[in-house]
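So you can see what is in the structure, the chains are spelled out below.
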Amino acid sequence: MAGPVLLNVPTIEDSRGELGIVDTGFLPFAIARIYYLFDVSTQSTRGGHAHKTLTQFLVAVSGSFSVELSDGLGNDFAFSLRSPREGLLLPPGFWRQLSDFSSGSVCLVMASQPYNPEDYIREFGQFAAWKQRR
Ligand code: T46
């Protein structure tokens, strides 16, 4: 899989509102777990870790937040998620920090694997060293 990328989520709009669809085959992985961040203080920062093998798709289903990424090799990426009509496809091997949550925002995450604490690297130096070894 290539680097992190924004994908447009197919939607259907009618007089009642809009419906976003993440159907089978839309993502390049089978969804094994869904979780969401809500009631996040506008001052809070989430993340501060990398995943060794987990692929994710993040959607701001309400409000907005920022995602800052590092590949641990000197390349940084920044995304502003502010629409339920798009999402960030995030491959494994990126340090991430989520911040600038708007009041009432919700970050929905679709993930390729069940929760596994051993998939996390929570210290940036260890992450950078792990990337160098790959
Ligand atoms: C990520 C960002 C965007 C579980 O028990 N099961 C789970 O499925 C998850 C996701 C978390 N937890 C536990 C682990 C911690 O004790 O919930 C607590 C908070 O998790 P964490 O500090 O990892 O939360 P965030 O917001 O920093 O990170 C989460 C995801 O963990 C991570 O995969 O990419 O959201």
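Structural data are supplied above this passage.
Residues numbered from 1 in each chain as written. Predicted model: local features only at pLDDT ≥ 70, side-chain atom pairs only at ≥ 80, totals over all residues. Heavy atoms only, no water.

Student: Pulling in residues and values, what's your account of the layout of surface pockets?
Tutor: Taken as a whole, the largest pocket encloses approximately 260 Å³ of empty space. Among the secondary structure elements, those contributing two or more residues to the lining of the largest pocket are strand S4 (33-37), strand S5 (46-51), strand S6 (56-62), strand S10 (95-99) and strand S11 (106-111). The biggest single contributor to the lining of the largest pocket is S5, with four residues. (1 Å grid on protein atoms, 1.4 Å probe; cavity = no way out; pocket = protein on both sides within 12 Å on 5 of 7 lines; lining within 4 Å. Points joined across faces, edges and corners; volume = space filled by probe spheres on them. Helix = DSSP H or I, 4+ residues; strand = E, 2+ residues; numbered from the N terminus.)

Student: I'd like to hear about the pattern of salt bridges, residue by residue, with values.
Tutor: A side chain of one charge can pair with a side chain of the opposite charge if their charged atoms are brought near each other. One pass over the structure, following the stated rule, counts two salt bridges. The closest approach of N and O atoms between Asp 14 and Arg 16, which form a salt bridge, is 2.5 Å. The exposure class assigned to Asp 14 is partly exposed, which follows from its relative accessible area of 35%. Arg 16 gets classed as exposed once you look at its relative accessible area, which sits at 75%. Linking Glu 18 and Arg 85 is a salt bridge whose minimum nitrogen-to-oxygen distance equals 2.8 Å. Of the two residues, Glu 18 is situated in strand S3 (residues 17-20) and Arg 85 in the loop between strand S8 (76-81) and strand S9 (86-90); the sequence distance between them amounts to 67 residues. Looking at Arg 85, the relative accessible area reads 43%, which means it is partly exposed. (Salt bridge = Lys/Arg side-chain N within 4 Å of Asp/Glu carboxyl O. Buried < 20%, exposed > 50% of the residue type's maximum accessible area, 1.4 Å probe, protein only.)

Student: Provide a residue-level description of empty space enclosed by the protein, including the pertinent values.
Tutor: The full count for this structure, using the stated rule, is one cavity of 30 Å³ or more. Taken together, Arg 33, His 51, Leu 54, Gln 113, Pro 114, Tyr 115, Asn 116, Asp 119 and Tyr 120 form the lining of the largest cavity. Its residues assigned to classes, the lining of the largest cavity shows four nonpolar, three polar and two charged. (Nonpolar A, V, L, I, M, F, W, Y, C, P; charged D, E, K, R; others polar.)

Student: Which residues make up the nonpolar core, and what values do they have?
Tutor: One finds Leu 58, Phe 65, Val 67, Leu 98 and Cys 107 to be the most contacted residues of the largest nonpolar core, which totals 16 residues. Breaking this core down by element, the ones donating at least two residues are S6, strand S7 (65-70), S8, S9 and S11. In terms of residue count, S7 provides more of this core than any other element does, three residues in total. Look past the residues within four positions of Leu 98 in its chain and what remains in contact with it is Leu 37, Ser 44, Thr 45, Arg 46, Leu 58, Phe 65, Ser 66, Val 67 and Cys 107. In this structure, Leu 27, Phe 57, Val 59 and Met 110 belong to the second largest nonpolar core, which totals seven residues. (Core = buried A, V, L, I, M, F, W, Y, C linked by side-chain atoms within 4.5 Å. Contact = heavy atoms within 4.5 Å.)

Student: Give a description of the pairing of S9 that names residues and reports values.
Tutor: Judged by how many residues are buried, S9 sits mostly within the fold: five of five residues are covered. Side chains Glu 86, Leu 88 and Leu 90 of S9 all project onto a buried face; the interleaved residues Gly 87 and Leu 89 project onto the opposite face, where all are buried too. The pairing of S6 with S9 spans three bridges and is classified as antiparallel. Within S9, the residue paired with Gln 56 across the bridge is Leu 90. (Pairing = 2+ DSSP bridges.)

Student: Which residues make up the sheet that holds strand S1 (residues 5-8), and what are the values?
Tutor: Taking strand neighbours across the sheet as the criterion, the five strands line up as S1-S9-S6-S11-S4 in an open arrangement whose pairing is antiparallel. In this open sheet, the two strands that pair with only one neighbour each are S1 and S4. Between one strand axis and the next, the sheet turns through 25 degrees on average, direction left out of account. Note: S6 against S11, six bridges, orientation antiparallel. (Axes fitted to C-alpha atoms, helices over the stretch in contact; angles between N-to-C directions.)

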